[in-house]
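# Inside the fold
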Amino acid sequence: MEIAVPPGYSRLVALDSRQHRKQKLVPQRQRFAARLTSVPLMAAEFVQAARHYPIVFAADTKDSTQFVPLAVTGLEQDINLFMEPGGVWAVGQYLPAHVRCWPFYGAHVRGGKDSEILICVDPDGLAVDGEELFDAEGAPGAALRAAQALIRDLEAARGVTVQLCHELRRLDLLAPFEAHALPKQGREWRVHGMFRVDENRLNALDAEAVQRLMRDGMLSRIYAHLMSLDNFKFLMDRAVARRPVSSNMEH
């Protein structure tokens, strides 16, 4: 069985209460995202995430005809501008579920006719010292129970996210764009490979299509995405405050 490794994870193995019974979780687990310049998002996160990050869409690495939503967290290769010294996420900024979930992940596996969720773990997130994975009886500890609940929430949200991206593609609302700026300090930067909702195409939709987007709760997510694009300015400010920004980064 081959499981696609999500962004920031090194690899995945099935979590086993016998094999991993004595394993513990590494401290400062957010550190794994230090090199992520974008983080996958669920549609349910758009409103909260839009307060802090630009939300964009990118072609799915497994299927270029499909799209996935991302929170942009950096402008230079391998530098997450929301990772503070000490390996913690910037205080006061929304922490995406993808980051909260590590080192755990819910992988879809085929079981007969149906797909089941297998709880996996990134071995890089395990250590001999830290928070317990399992208690003395082999039952999940507090951290693992919280991760299991989060994975269930993510699975419930995944279908809505896929549906949103499908509708944006079906209605031909997504258009490629690049973020480009010339800060007062440092060289110009460009972030490529992103898609956004084209407002002209959105405004040209017929009433039936708009009503369907409203009914399915998608229109509010679309507007959250559009408003979030103003956060590229704040992202640039964070980059300039930290170091001069390099040019022409492929995102």
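Rules used throughout
- Residues numbered from 1 in each chain as written.
- Predicted model: local features only at pLDDT ≥ 70, side-chain atom pairs only at ≥ 80, totals over all residues.
- Heavy atoms only, no water.
- Buried < 20%, exposed > 50% of the residue type's maximum accessible area, 1.4 Å probe, protein only.
- Helix = DSSP H or I, 4+ residues; strand = E, 2+ residues; numbered from the N terminus.
- Pairing = 2+ DSSP bridges.
- Axes fitted to C-alpha atoms, helices over the stretch in contact; angles between N-to-C directions.
- Parallel < 35°, antiparallel > 145°, perpendicular 65-115°, else oblique.
- Contact = heavy atoms within 4.5 Å.
- 1 Å grid on protein atoms, 1.4 Å probe; cavity = no way out; pocket = protein on both sides within 12 Å on 5 of 7 lines; lining within 4 Å.
- Points joined across faces, edges and corners; volume = space filled by probe spheres on them.
- Nonpolar A, V, L, I, M, F, W, Y, C, P; charged D, E, K, R; others polar.

### Re the pairing of strand 5 (residues 67-72)
Where burial is concerned, most of strand 5 is hidden: five out of the six residues are buried. Relative to strand 5, strand 4 (residues 55-59) runs antiparallel, the two being bridged by five bridges. Opposite valine 56, over in strand 5, you have leucine 70 as the bridge partner.

### Looking at the packing of helix 3 (residues 142-170) against helix 6 (residues 218-228)
Interaxial distance between helix 3 and helix 6 falls to 11 Å at its minimum, and their mutual angle equals 80 degrees. Classed by the angle they form, the pair helix 3 and helix 6 counts as roughly perpendicular. Only Met218, Arg221 and Ile222 of helix 6 make contact with helix 3, whose side of the interface consists of Gln163, Leu164, Glu167 and Leu168.

### Some details on the layout of surface pockets
For the largest pocket, the calculated volume is near 1300 Å³. In terms of residue class, the lining of the largest pocket is built from 27 nonpolar, twelve polar and nine charged.

### Digging into the environment of proline 103
Locating proline 103 in the fold gives a position in the loop between helix 2 (97-101) and strand 8 (104-111). Residue classification places proline 103 among the buried positions, given a relative accessible area of 0%. The sequence separation of proline 103 and glutamine 30 amounts to 73 residues, and the corresponding C-alpha distance is 9.4 Å. Excluding residues that lie within four positions of it along the chain, proline 103 makes contacts with Tyr9, Leu25, Arg29, Cys120, Val121, Asp122 and Gly125.

### Quick look at the sheet that holds strand 2 (residues 24-25)
One open sheet holds the three strands; their spatial order is 10-2-11, and the pairing between them is antiparallel. Since the sheet does not close on itself, it has two edges, and those belong to strand 10 (126-127) and strand 11 (131-132), each with one partner. Where strand 2 meets strand 10, two bridges bridge the pair, whose relative direction is antiparallel. Each bridged residue has a counterpart across the sheet, and for leucine 25 the counterpart in strand 10 is leucine 126.

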